[in-house]
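Residue strings, one per chain:
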Amino acid sequence: MGLPLGCQTWPVRQTIGKDFDGTLHRLAAMGYRNIEMCSPPDYKDLGFGPLQAMPPKEMVEKINAAGLGCESCHFPFSGLKAHPEERIAWSKEMGLKQMVISTFWLPKDATIADWLRSADEANKLGDSVRAAGMQLCFHNHDFEFHKIDGELIYDKLMGEFDPKLIKMQFQVSVISLGYQAVDYFKKYPGRFQSIHLQDWSPTEKKEVTLGQGVVDWTTLFAVAKKIGVQNYFVELDGDGLQESVPFLRKFS
């Protein structure tokens, strides 16, 4: 794709707050050149808490010193709604290009109306983020690939999101539910900003290292490049983060 190898920092949540410099250098040593952060105050109880006190300028300096770049970060929707000005200001200081909503985290009994109401709130936030010179994105989990009254939640959201204000970050792992990224790239061209990469083994019924599952990566990357995807981030726990690098280099 001609893009730097990228990874999410969620898989290194156990060490990133305790040893920020060391964790960054380990990711760089694996071969990654681009990371996606998780908002420290919003993920404070999930390993990122110690980073709350670090000024954005210092954080960027440390990231760059390790040979990495960072232009994207995840934010829970609740944090963005409660502290929009603070989160946008922090993101600008970080030099981010993308602020990513890590799904809406609605309850299991949420209705389509609940999902669409959140999408409308996201559009309003997206307007503020765009005014600050950045792009708001939405990251799916499995939740959006279930149906309510026969309607796929993801398709309903795509109909409600303003295409200019909300771009999408596609989580490839939903292939486990029978949904393929390429189908959505073709169905909604121009609306995807980035991708989260996982592979899936139907026999083991779990996420596996890239290239060891059923995802057709050659087609996925070709279509992603064609529709203008700007970055991708591997998100695999355990050894998957490191073991996926040799495979990814074939497409870089």
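Up top is the structure.
Report on the accompanying structure. As the structure is a prediction and not an experimental result, all values here were calculated from the model.

## A closer look at the environment of Pro163
Line of reasoning, step 1. Looking at the element boundaries, Pro163 is found in the loop between α7 (153–160) and β8 (166–171).
Line of reasoning, step 2. The class for Pro163 is partly exposed, based on a relative accessible area of 38%.
Line of reasoning, step 3. Between the C-alpha atom of Pro163 and that of Arg191, which follows or precedes it by 28 residues, the distance is 6.3 Å.

## As for the side chain of Gln169
Line of reasoning, step 1. Within the secondary structure, Gln169 sits in strand β8.
Line of reasoning, step 2. Accessibility expressed as a relative area gives 0% for Gln169, which makes it buried.
Line of reasoning, step 3. Of the polar contacts made by the side chain of Gln169, one reaches the side chain of His139; its length is 2.9 Å.
Line of reasoning, step 4. Reaching out from Gln169, the side chain makes a polar contact with the side chain of His196 at a distance of 3.2 Å.
Line of reasoning, step 5. Ignoring sequence-local partners within four residues, the contact set of Gln169 consists of Glu36, Ser72, His74, Val100, Phe138, His139, Asn140, Ser194, Ile195, His196 and Phe233.

## Thoughts on the side chain of Ser118
Line of reasoning, step 1. With respect to the element layout, Ser118 can be found in helix α6 (residues 112–131).
Line of reasoning, step 2. Overall, Ser118 belongs to the buried group, its relative accessible area being 6%.
Line of reasoning, step 3. The residues touching Ser118, leaving out its near neighbours within four places in the chain, are Phe77, Phe104 and Leu106.

## Things to note about the pairing of strand β12 (residues 231–234)
Line of reasoning, step 1. Residue alternation in β12 divides its side chains into two sets, Asn231 and Phe233 and Tyr232 and Val234, and both sets are buried.
Line of reasoning, step 2. Across four bridges, strand β9 (residues 192–197) lies against β12 in parallel orientation. Along β12, the bridge assignment pairs Ile195 with Tyr232.

## What to know about the pairing of strand β4 (residues 98–101)
Line of reasoning, step 1. The alternating pattern of β4 places Gln98 and Val100 on one face and Met99 and Ile101 on the opposite face, and all of these are buried.
Line of reasoning, step 2. Bridge count for strand β3 (residues 69–75) against β4 is four bridges, and the pairing is parallel. Bridge pairing links Ser72 to Gln98 in β4.
Line of reasoning, step 3. Sheet analysis places β4 next to strand β5 (residues 135–139), joined by four bridges and oriented parallel.

Cut-offs used in this document
- Residues numbered from 1 in each chain as written.
- Predicted model: local features only at pLDDT ≥ 70, side-chain atom pairs only at ≥ 80, totals over all residues.
- Heavy atoms only, no water.
- Helix = DSSP H or I, 4+ residues; strand = E, 2+ residues; numbered from the N terminus.
- Buried < 20%, exposed > 50% of the residue type's maximum accessible area, 1.4 Å probe, protein only.
- Polar contact = N/O pair within 3.5 Å; in protein donor to acceptor, adjacent residues only side chain to side chain.
- Contact = heavy atoms within 4.5 Å.
- Pairing = 2+ DSSP bridges.

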